[in-house]
Amino acid sequence: MLSTTRNITLASKILSRSSCVLPGVAFSKLFFRKYNSDISSNVTKLTQADPVGSYSSLIDILFKEGYASEGQSLIQQLQDHAAGVSSTSGAHVDLTDTELNFETAINFNNAIITAANSGNVKRAEAILKEMKDKNFTPSCEAYNALTRFYATKQRDWKRVYELISEMSHCGITKDIHVFNVIIRGFVNNLDMTSAIHSFNQMLDEEVRPNVATFNAMIDGFTRKGWKSESELWFSKLKEYKLNPTINTYNMLVEFFARTGDISGALRYVKYLREAGLQPDQRTWTALLEGYTHTSNWSLGYSVWESHLRPSDTFIPNGLNAISENAVSAFLRLCAASGQGQRAFKEWEYLKNSGILVRPSVANCNELINCYLKNRMFSEAKKVLFEEMKRGDDVSELGFFAKPVASWKTYLKLLSSFAKENRMRELDEIKVVMFAHDQQVVETVVEELPQLFSVEEKLITKKN
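What comes next is a walk through the structure.

Here is what the cut-offs are and how they apply
- Residues numbered from 1 in each chain as written.
- Predicted model: local features only at pLDDT ≥ 70, side-chain atom pairs only at ≥ 80, totals over all residues.
- Heavy atoms only, no water.
- Buried < 20%, exposed > 50% of the residue type's maximum accessible area, 1.4 Å probe, protein only.
- Helix = DSSP H or I, 4+ residues; strand = E, 2+ residues; numbered from the N terminus.
- Arc of directions from axis to C-beta.
- Polar contact = N/O pair within 3.5 Å; in protein donor to acceptor, adjacent residues only side chain to side chain.
- Axes fitted to C-alpha atoms, helices over the stretch in contact; angles between N-to-C directions.
- Left-handed = near helix turned anticlockwise from the far one by under 90°.
- Contact = heavy atoms within 4.5 Å.
- Nonpolar A, V, L, I, M, F, W, Y, C, P; charged D, E, K, R; others polar.
- Phe/Tyr/Trp six-rings, centres within 6.5 Å; stacked < 30°, edge-to-face > 60°.

## Topic: helix α24 (residues 438–447)
Those residues of α24 lying buried are V440, V441, V444 and V445. Here the buried residues of α24 occupy an arc of 125 degrees about the axis, which is enough to place them on one side. Exposed and facing more than 90 degrees away from the buried side of α24 are Q439 and E446.

## Structural notes on the side chain of T409
Residue position: T409 is located in helix α22 (residues 407–419). Given a relative accessible area of 6%, T409 falls into the buried group. Within the local environment of T409, its side chain forms a polar contact with the side chain of N365, the two groups lying 2.7 Å apart.

## Quick word on the packing of helix α21 (residues 377–387) against α22
The contact between α21 and α22 brings their axes to 12 Å, and the two run at 145 degrees. The crossing of α21 and α22 is left-handed. Counted together, F377, A380, K381 and L384 of α21 and Y410, L413, S416 and F417 of α22 form the full contact between these two elements. In terms of residue class, the contact of α21 with α22 is built from six nonpolar, one polar and one charged.

## Some words on the packing of aromatic side chains
Inspection of the entire model under this criterion finds 19 aromatic pairs. On the basis of an interplanar angle of 65 degrees and a centroid distance of 5.7 Å, the ring pair of F199 and F214 is categorised as edge-to-face. One end of the pair, F199, is in helix α11 (residues 192–204); the other, F214, is in helix α12 (residues 211–224), with 15 residues separating them in the sequence. Neither residue differs from the other here; F199 and F214 are each classed as buried. Summarising the aromatic geometry, the rings of F221 and W226 are spaced 5.8 Å apart at their centres and angled 35 degrees between planes, so their arrangement reads as tilted. When its relative accessible area of 2% is taken as the criterion, F221 is described as buried.

Scope: geometric values only; no functional claims are made or implied.
Written out as structure tokens, the structure is:
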């Protein structure tokens, strides 16, 4: 409950003449859903039907949902209503400014949390400043909400560390959520020495790590390519009697598959099953990638057919029924095994059956690469000219203004068509490329200067 005892008492005094129709909190929630767009005009309805305490419950909901101004407005209406009751009936209702003061630390903190969680960080920062200006101390939870937003949404580590420094200055004890944000920040920068230091500091402050802590550490070590450390931290997780998540196992399956250690990847799939979990698309995609790296083509196609490719009985629902990574992994398998025609047939099936509603840019880049490796030049050009079209995002030349193909894909296209002496088509690809992002154009021209005229180079520099 966000309201103070005084606020509940106040609501009871005001609404003591009302008969109880519905439980207070239940009625307030219904009222909030129905009337939040026009609270002022519906106060009379609330007063007539509301049981004792519902005003207080409604104000709680308003502050919790981030409607601080509406909450303050309703408080003022409470005061006006009570004054009206007192003057007409002769009854006395004690309404002091103290009782009506909702500028409490609890309400400020909840407003910060709500604003930050909804992505309105400017509002959250403004509330934080106002709170400190009025000599209230923000809670650890309020700081958590802000640091979590800056760390996960904006990657603004400077602000994250400023907030953590404020916490220390105010004497607020850091909890597991704050330490996880700190550790995740170091992991994202692959600074595992600092991540370990923060982990040890957390233990020194008697904060117990959770699964998210160990997942962050395992993520960092797998990305660094350190096998023994990755397995060590998995063991540490088990030592703390914590249950690994599907994400924990998938990170290790991906790591071992990526490094060509299929037996290690299958070992963690076994652990996953023993833990009562089931492999998901991410697990099978990792194994498919592993079989591609180790040239086990038949096992790779078996994983695709048995675990990733939706069946012919699939019912389209307007959404992609298969992950972008799974499709890209399959296309890389086709490219490596020389199965361009199989890639073509599967691509058509995925699109026409409604499984792949909107192919991603990454998928299109992989498809072009697959076709080029299999010398399917016309199909590769068709992907660039047709598959990579995106709605109304076209330039005046009729091509896409954004770099829907990566600069590496353009390098492969141009060099392949030049090698085959398909100069007319090469010029067509140039036109598409020049309509795209300037950085892509500059990179390609710099990498393949022999394919561009002096005039084209000058245009690139001028742009």
